[in-house]
Amino acid sequence: MSNDIIQLIAAFFGAMGFAMVFNVRHSLVIYGALGGLLSWGLFLFMEDIFANPFIACLISSSFSAFYAEIMARIKKTPASVFFIPSLIPHVPGGSLFYCMSAAVKSEWLSFKDYGIITLQYAFGIACGISFAWTIWYMFQKIVSDFSKKA
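Being a predicted model, the structure only gives us computed values, none of them experimental.

1. Considering the nonpolar core
Membership of the largest hydrophobic core comes to 28 residues, with the highest contact counts inside it found for V24, F43, F82 and F83. Of all the elements in the fold, those that place two or more residues in this core are α1 (3–21), α2 (26–50), α3 (53–75), α4 (80–87) and α6 (108–149). Apart from the residues within four sequence positions on either side, F43 is in contact with P53, A56, C57, S60, H90 and Y121.

Okay, structure coming up:
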């Protein structure tokens, strides 16, 4: 089985597990898990294209935010129900672990390298979320203003 397929399966079940931990309604758990699978698939695709974790996280976390907002409107549920599980696969656990492990062992060159990668992931996630929600709320404002004038 391909490594990407294994990662997609893990992203799906990891997102599903976190949805269950956060007590998401049983009928909505699958949508949170699907968001995790889709956003991680987009991340893998973008990482192959750009070979840059910042850009890949920026695009895929933006997708997660848009996905959550759209699903929230469809299912009449808060967006966080879909957003948190779909973002879970992006958490830079591996690079953070290796960064802290290198710090404990006083391997400062490895600490710096893993720290930079971890910061790229984290900053990409934060920028992607900020970008998506800014665009979403601007769009909502335009639609709201337009409907008031009509």
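2. Considerations on the packing of α3 against α4
Closest axis-to-axis distance for the α3/α4 pair is 8 Å, and the angle between their directions is 150°. Taken together, the axis directions place α3 and α4 in an arrangement best described as roughly antiparallel. In this structure, α3 meets α4 at a crossing whose hand is right-handed. Taken together, the residues of α4 that come into contact with α3 (itself represented by S61, S64, A65, Y67, A68, M71, A72 and K75) are F82, F83, S86 and L87. Partitioning the contact of α3 with α4 into residue classes produces eight nonpolar, three polar and one charged.

3. Regarding helix α5 (residues 93–104)
When the terminal C-alpha atoms of α5 are compared, their 16 Å separation across 12 residues agrees well with the 16 Å that a helix rising 1.5 Å per residue should span. Listing the buried residues of α5 in full gives S95, C99, S101 and A102. Along α5, the residues classed as buried sweep out an arc of 165° about the axis, all on the same side. Exposed residues pointing more than 90 degrees away from the buried face of α5 are listed as F97 and V104. Looking at the buried side of α5, the elements it contacts are α6.

4. Overview of the environment of L8
With respect to the helices and strands, L8 occurs in helix α1. Expressed as a C-alpha distance, the spacing of L8 and L37, which sit 29 residues apart in the sequence, is 5.6 Å. In contact with L8, other than residues within four places in its own chain, are L37, W40, G41 and L44.

Each value, and the rule that gives it
- Residues numbered from 1 in each chain as written.
- Predicted model: local features only at pLDDT ≥ 70, side-chain atom pairs only at ≥ 80, totals over all residues.
- Heavy atoms only, no water.
- Core = buried A, V, L, I, M, F, W, Y, C linked by side-chain atoms within 4.5 Å.
- Buried < 20%, exposed > 50% of the residue type's maximum accessible area, 1.4 Å probe, protein only.
- Helix = DSSP H or I, 4+ residues; strand = E, 2+ residues; numbered from the N terminus.
- Contact = heavy atoms within 4.5 Å.
- Axes fitted to C-alpha atoms, helices over the stretch in contact; angles between N-to-C directions.
- Parallel < 35°, antiparallel > 145°, perpendicular 65-115°, else oblique.
- Left-handed = near helix turned anticlockwise from the far one by under 90°.
- Nonpolar A, V, L, I, M, F, W, Y, C, P; charged D, E, K, R; others polar.
- Expected span 1.5 Å × (residues − 1).
- Arc of directions from axis to C-beta.

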